[in-house]
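An overview of the molecular structure
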Amino acid sequence: SSDVGPRNKLVEPLQEAFFFPPPFCRMTSAAGNTVDHTTDVYNNAPTATTINLTAEITINPREGAGSSVVDKVEFYKESSGAVPKYIGDGTLVAGTSPSQYRLSYSAGSHGVVGSVKTYFANCIARSVQDGTKKVPSYSQPVRVKR
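Throughout what follows, the structure given in this document is the object of discussion. (Residues numbered from 1 in each chain as written. Predicted model: local features only at pLDDT ≥ 70, side-chain atom pairs only at ≥ 80, totals over all residues. Heavy atoms only, no water.)

**Focus on the pattern of salt bridges**
Following the criterion strictly, the structure yields five salt bridges and no others. Across the pair Glu 56 and Arg 26 runs a salt bridge, and its minimum N-O distance is 3.1 Å. Highlighted residues: Glu 56 in strand β4 (residues 50–58) and Arg 26 in strand β1 (residues 24–30), separated in sequence by 30 residues. Here Arg 143 and Asp 40 are joined by a salt bridge, their closest N and O atoms 3.2 Å apart. Placement of the pair is Arg 143 in strand β11 (residues 142–145) and Asp 40 in the loop between β2 (33–34) and β3 (42–43), with a sequence separation of 103 residues. Each of Asp 71, Arg 126 and Lys 134 takes part in salt bridges that share partners, so that together they form one network. (Salt bridge = Lys/Arg side-chain N within 4 Å of Asp/Glu carboxyl O. Helix = DSSP H or I, 4+ residues; strand = E, 2+ residues; numbered from the N terminus.)

**Quick word on the nonpolar core**
Grouped together as the largest cluster of nonpolar side chains are 21 residues, with contacts concentrated most on Met 27, Leu 53, Val 73, Phe 75 and Tyr 119. Within the residue set of this core, elements represented by two or more residues are β1, β4, β5 (68–78), β8 (99–106), β9 (116–127) and β11. For this core, the leading source of residues is β4, giving four residues. Apart from the residues lying within four places of it in its own chain, the contact partners of Val 73 are Ala 55, Ile 57, Gly 88, Asp 89, Gly 90, Tyr 101, Ala 121, Asn 122 and Cys 123. (Core = buried A, V, L, I, M, F, W, Y, C linked by side-chain atoms within 4.5 Å. Buried < 20%, exposed > 50% of the residue type's maximum accessible area, 1.4 Å probe, protein only. Contact = heavy atoms within 4.5 Å.)

**Describing the sheet that holds β2**
Strand order across the open sheet formed by five strands is β2-β1-β4-β8-β7, with antiparallel pairing between neighbours. Since the sheet does not close on itself, it has two edges, and those belong to β2 and β7 (91–92), each with one partner. As defined by bridge partners, β1 adjoins β2 across two bridges and the pair is classed as antiparallel. Residue pairing across strands places Ala 30 opposite Asn 33, the latter belonging to β2. (Pairing = 2+ DSSP bridges.)

Read these as spatial facts, not as claims about activity.
See below:
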């Protein structure tokens, strides 16, 4: 029929999530403190030169063990009224299970002493069957005071 329009491709993240579910992502440490999701602001020592962030990623493949693997864990900083800013990829913390990734962010880039910024992690899983297929999962944000 001429009334039927062309088929549209699904939005990539949704299509990729159809093949395998997103990983579980959560912040485990902010400014050297364990993230408990009840603390409003995590305090960093005013004399510290870095803001240390740690996130945990757990792969939860639909097709069984080994169908997806960790691709990377990215960290972002939110600023008032602006798009979140990518601040770097985490480095695997050896011997952790589930896998944890750490990023040491410059305290100077955070802002002046007394400023509060919001950080979050983006954990990305990659399909073993098709390495071009990736799916993200965002952690709950945490607020850090320098």
